[in-house]
Amino acid sequence: MSLENKEITVALIFDIIGTPPEHLKETLNLLIDEINKEKGVKVSSRKVNEPVLMKDQKDFYTTFAEAEITAEEISQVVSIMFKYMPANVEIISPERISLSNNKFSEILSEITRRLHSYDEVVRMTQIEKNILEKNLREILGQNQDTNKKQEEKTEKITEEEKK
């Protein structure tokens, strides 16, 4: 079966942790609303569950939402996976998916592009972290030098007072 004229129905599950509990439901509803605005995608159903207090976590709640979507193309499903990061994706229909090599190449290129983008963010974060650590070590080193000088002055004053 070719996907050129066949819609894809997909079940998605999104989970979230945080506080306050009413914010979790609101956030999941907004997320599903955003998916519904995607070109060629329609949300056909949604269920946002009530938040529950997490076990062994004070003041943190967790909940999840289920959404069923229909997409015009498999590439839109892949895009939603990367953009909205569902916890689970299940293709409901069609049962068999056939892609041309051009369409499959398009999907793989999009996945690769996004992975490179994520890799760039990670690398920049690592560089910034290293710079911050270096600056912190310098500041702490300066503080230690200042503290040491302050201690020496205090000791000197104390010794002079004893005399």
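Reading the values: the criteria
Residues numbered from 1 in each chain as written. Predicted model: local features only at pLDDT ≥ 70, side-chain atom pairs only at ≥ 80, totals over all residues. Heavy atoms only, no water. Buried < 20%, exposed > 50% of the residue type's maximum accessible area, 1.4 Å probe, protein only. Helix = DSSP H or I, 4+ residues; strand = E, 2+ residues; numbered from the N terminus. Salt bridge = Lys/Arg side-chain N within 4 Å of Asp/Glu carboxyl O. Polar contact = N/O pair within 3.5 Å; in protein donor to acceptor, adjacent residues only side chain to side chain. Contact = heavy atoms within 4.5 Å.

Asker: Pulling in residues and values, what's your account of helix α2 (residues 74-84)?
Answerer: In terms of burial, α2 is a largely internal element, 8 of the 11 residues being buried. A positive backbone phi angle near 50 degrees is found at Met85, which sits one or two residues after α2.

Asker: Please give an account of unusual backbone geometry that cites residues and values.
Answerer: Cis geometry marks the peptide bond from Thr19 to Pro20, where omega comes out at -5 degrees. In this fold, Pro20 is placed in the loop between β1 (8-18) and α1 (21-37). In this chain, Ser93 is followed by Pro94 through a cis amide linkage whose omega measures 5 degrees. Despite not being glycine, Asp56 has its phi angle at roughly 65 degrees, a positive value. Along the chain, the position of Asp56 falls in the loop between β3 (52-53) and β4 (61-71).

Asker: Tell me about the pattern of salt bridges, residues and numbers included.
Answerer: As enumerated under the stated definition, the model contains 11 salt bridges in all. The salt bridge partner of Lys129 is Glu133, with a shortest N-O separation of 3.1 Å. With Lys129 and Glu133 both in helix α3 (residues 101-162) and 4 residues apart, this pair spans about one turn of that helix. For Lys129, a relative accessible area of 46% translates into the label partly exposed. A relative accessible area of 31% means that Glu133 is categorised as partly exposed. Beyond isolated ion pairs, a larger network of salt bridges with shared partners links Glu73, Lys103 and Glu106.

Asker: So what about the side chain of Lys103? Which residues, and what values?
Answerer: Within the secondary structure layout, Lys103 lies in helix α3. At 2.5 Å, the side chain of Lys103 forms a polar contact with the side chain of Glu73. Filtering out sequence-adjacent residues up to four positions away, Lys103 remains in contact with Glu73 and Ser75.

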